[in-house]
Amino acid sequence: MKIIDKVYVNGDFIKPHGTKTMDIINPDTLDILGKVTLCDKKDVNYAVKCAKEAFVSFSKTSIKRRGEILQSLYDAMSKREDELNEAAILEYGSPITAAKRRTAFAKNTFLAAKKQMEEFQFESELEDGTKILKTPLGVVAAIAPWNANYTHICQKTASAIAAGCSIVVKPSEYSAIQTQILCECFKEANLPKGILNIVNGVGEEVGKDLASHKDISLINFTGSTKVGRQISAYAAKMIKRTILELGGKSPNIILDDADLSIAIPMALTIAFSNSGQACHAGSRLLIPHDKLEIVSELLLKALKDIKIGNIEDEDCYIGPLVNKTQFDRVQLYIKRGIDEGATLLVGGLGKLEGLKGYYAKPTIFTNVKPNMKIAKDEIFGPVLSVLTYKNEDEAVEMANDTIYGLAGYVSSSDVNRASKIASQITAGWVYINKAVYEGKGLVLHVGAKQSGIGANRIDDYTQFRIIS
Ligand code: NAD
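This section reports on the structure supplied with the text. Quantities reported herein were computed from a predicted structural model and do not represent experimental measurements.

### Some thoughts on the environment of K193
So, step 1. Relative to the helices and strands, K193 is located in the loop between α6 (176–188) and β10 (196–198).
So, step 2. Through-space distance from the C-alpha of K193 to that of T269 is 43 Å; in sequence the pair is 76 residues apart.
So, step 3. Setting aside residues no more than four positions away along its own chain, K193 makes contact with N10, G11, D12 and A54.
So, step 4. Here the side chain of K193 touches D12 through a polar contact of 3.5 Å, side chain to side chain.

### Details of the site of the ligand
So, step 1. Close to the ligand lie 30 residues; A144, K170, E173, S224 and E378 are nearest.
So, step 2. Considered on its own, the ligand offers 840 Å² of accessible surface; in the complex 91% of this is hidden by protein.
So, step 3. Put simply, the parts of the chain that give the shell around the ligand at least two residues each are α7 (203–212), β11 (216–222) and α8 (225–238).
So, step 4. Each residue belonging to the shell around the ligand can be placed in one class, and the counts come to 13 nonpolar, eleven polar and six charged.
So, step 5. Taken together, domain 1 (2–246 + 447–467) and domain 2 (251–432) each give at least three residues to the shell around the ligand, which thus spans both.

### Some remarks on the pairing of β11
So, step 1. For β11, a buried count of six out of seven residues is recorded, marking the element as mostly surrounded by other parts of the structure.
So, step 2. As paired elements, strand β8 (residues 139–143) and β11 share five bridges and run parallel to each other. Among the inter-strand pairings, V140 is bridged to a residue of β11, identified as L218.
So, step 3. With five bridges connecting them, β11 and strand β12 (residues 241–245) associate as parallel partners. If you follow N220 over to β12, its bridge partner there is I243.

### Examining the sheet that holds strand β14 (residues 284–288)
So, step 1. With mixed pairing, the seven strands of this open sheet are ordered in space as β17-β18-β19-β14-β13-β20-β21. Single-partner strands in this sheet number two, and they are β17 (343–346) and β21 (429–432). On average, each strand axis in the sheet is inclined to that of its neighbour by 25°, with strand direction left out of account.
So, step 2. Bridge count for strand β18 (residues 363–366) against strand β19 (residues 383–389) is three bridges, and the pairing is parallel. Paired with I364 across the strands is L384, a residue of β19.
So, step 3. Most of the contacts of helix α13 (residues 392–399) go to β19, to which it runs at about 145°, and overall it touches β13 (251–254), β14 and β19.
So, step 4. Relative to β21, helix α14 (residues 415–422) is tilted by about 160°, and along the sheet it contacts β13, β20 (407–411) and β21.

### Some details on the packing of aromatic side chains
So, step 1. Scanning the model with the defined rule gives eight aromatic pairs in all.
So, step 2. An angle of 80° between the planes, with centres 6.1 Å apart, marks the rings of W146 and F380 as edge-to-face. Taken as a pair, W146 in the loop between β8 and α5 (149–163) and F380 in the loop between α12 (373–376) and β19 lie far apart in primary sequence, 234 residues in all. Accessibility assignment for this pair places W146 and F380 in one class, buried.
So, step 3. Relative to Y358, the ring of F327 lies with its centre 6.4 Å away and its plane at 40°, an arrangement referred to as tilted. Separated by 31 residues along the polypeptide, F327 in helix α11 (residues 324–340) and Y358 in the loop between β17 and β18 bring together distant segments of the chain.
So, step 4. Its end group placed over the ring of F122, R66 keeps NZ or CZ at 5.5 Å from the ring centre.
So, step 5. Directly above the ring of Y333 sits R336, whose terminal nitrogen or CZ lies 5.1 Å from the centroid.

### Structural notes on the sheet that holds strand β7 (residues 131–136)
So, step 1. Read from one edge of the open sheet, three strands run β6-β7-β23, paired in antiparallel fashion. Each of the sheet's edge strands pairs with one partner strand only, and the pair in question is β6 (123–125) and β23 (462–467). Strand-to-strand twist of the sheet, defined as the mean angle between neighbouring strand axes without regard to direction, takes the value 20°.
So, step 2. Judged from the three bridges that link them, β6 and β7 form a sheet pairing that is antiparallel. Bridge pairing links S124 to I132 in β7.

### Regarding α13
So, step 1. Turning to α13, its buried residues number three or more, namely A395, V396, M398 and A399. Across the axial projection of α13, the buried residues extend over an arc of 165°, all falling on one side. Structural note: α13 exposes D393 and E397 on the side pointing more than 90 degrees away from its buried face.
So, step 2. Lining the buried residues of α13 we find β13, β14, β19 and α14.
So, step 3. With a side-chain oxygen lying 3.2 Å from the backbone nitrogen of D393, the N-terminal cap of α13 falls on N391.

Parameters at a glance
Every chain's residues receive numbers from 1 upward, in the order its sequence appears when written. A pLDDT threshold of at least 70 governs which residues receive local features in this predicted model, and a stricter bar of 80 or more applies before side-chain atom pairs are shown or counted, although totals over entire chains, interfaces and linings include all residues. Working from all heavy atoms in the structure, the side-chain values ignore hydrogens and water. Runs of E in the DSSP output that reach at least two residues are strands. Runs of H or I that reach at least four are helices, and both are numbered from the N terminus. The contact definition used throughout considers only heavy atoms, calling two residues in contact when any of these lie within 4.5 Å. Nitrogen and oxygen atoms within 3.5 Å of one another constitute a polar contact, given that in protein one can donate a hydrogen and the other can accept it, and given that sequence-neighbouring residues count only through two side-chain atoms. By convention in this text, a residue qualifies as near a molecule or strand provided that one of its non-hydrogen atoms is within 4 Å of it. Values of accessible area rely on a 1.4 Å probe in the Shrake-Rupley scheme; residue burial ignores everything except the protein chains shown. Under this grouping Gly is polar, as are all residues other than the nonpolar Ala, Val, Leu, Ile, Met, Phe, Trp, Tyr, Cys and Pro and the charged Asp, Glu, Lys and Arg. Source of the domain bounds: an automatic or database domain assignment. Residue burial is assigned from relative accessible area. The probe radius is 1.4 Å, only protein chains are included, and a residue is buried under 20% of its type maximum, exposed over 50%, and partly exposed in between. Two strands pair under a simple rule: DSSP has to find at least two bridges between them. Note on definitions: angles span 0 to 180 degrees between N-to-C directions of axes, and those axes are lines fitted to C-alpha atoms, for helices only across the stretch in contact. Pairing of aromatic side chains here covers Phe, Tyr and the six-membered ring of Trp, requires ring centres within 6.5 Å, and sorts the geometry by plane angle: under 30 degrees stacked, over 60 edge-to-face, intermediate tilted. Lysine NZ or arginine CZ positioned within 6 Å of the ring centre and within 35 degrees of the ring normal marks a charge as sitting over the ring. Note that the arc is computed from the directions linking the helix axis to the C-beta atoms.

Below is the structure:
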């Protein structure tokens, strides 16, 4: 049993004032892995106070010193990569390849932020002598989702430190073991006291108290659009700056010239990435109307090749859903799809046989209409909705017929044609003939429409000051 009863605040592990605890459950085996003690409002106030005090001197540190800090964070995390992967497998049933990708990405954000900072113009001057300064904004509140908890904590922390801001992080309550390992890395990196503080707790209490705190200058939130709206409401009261990285219902357009033998298996991996619990999941597949039969055949064939369960095996692609709430939510949507009259190509209600954990059946609906809930809502599970279009204009119109604008995908044998379509999709990131971005760097999860506001750039963590 893992007992996590301390939090990392002001450079040390301390006992929180809050006393409530929450079980940490393995969604694959349903075993109780441990308990985490949850913080309360007093803990939030203390963490913000420490961050505010630390900001006074940290905001004046040199670029060189901040670079050293970012480097030491990278070094500390590199030593614990395997443990972080293992924790992600245990704590939310992440298939190992997805865990490895996230960990590598997370640690690289420190070096990417360092590079960005070294190239960043914190000060510039106009011809008439007017100075433009970009100064550290203040104390940042970072709130992370469970599905990429440490990735988002690292990304937000890296940018805050690069900009000269101190930060208080509210991790996901479903990621306590991962957060604990990360905090041990922070301790090992020997950071200046108070520049980075963690408060474990549930969203409606600790998350709300943190985001609403008067001494927070920027709320950097990643999570659902529903909670994003609440964050905007807290921010509005004090006109706080926000960066919001929210949900999606991303379209994947298969053009009529696409090689279906490649595009369709890839569409399935795009939809079921991280067991369908990925913000970028291409969960709406838009295909030419005369290709439904062949696409259905290829989807069924591709699904047979996808490995489910045994999440520690390198070739496993689908694991359990993170918890019972998420399992029940996915069931509700599968039922809705059936009730709404979509055709159940494969999958359906209930747990996958032979597996103990929260395994939903990978489900594909065809004949989905744009007004159905399964075409509109982010389900966050292995459920793919297939819609058909008559021509390119209709495909683009359907792709954009959503409140979201996180990602989009286009498959075609003609990259120029695909690019033209991609440029018409209102989304933060459109991928052509690929499922994931394999590059490095401080990659931004920019969202259009109700998928987000702002971006995780140094600029967003600074205050413009014009001196003339
Ligand atoms: P969630 O919105 O339920 O929770 C996110 C975080 O907000 C958690 O730490 C939670 O405790 C906290 N929270 C909940 N209610 C709160 C409140 N009232 N005030 C303050 N904080 C509160 O999301 P989740 O289930 O953890 O993660 C899945 C969601 O995150 C999906 O919608 C997914 O698309 C989105 N996501 C987006 C991105 C992106 O880059 N755009 C990346 C990952 C996940």
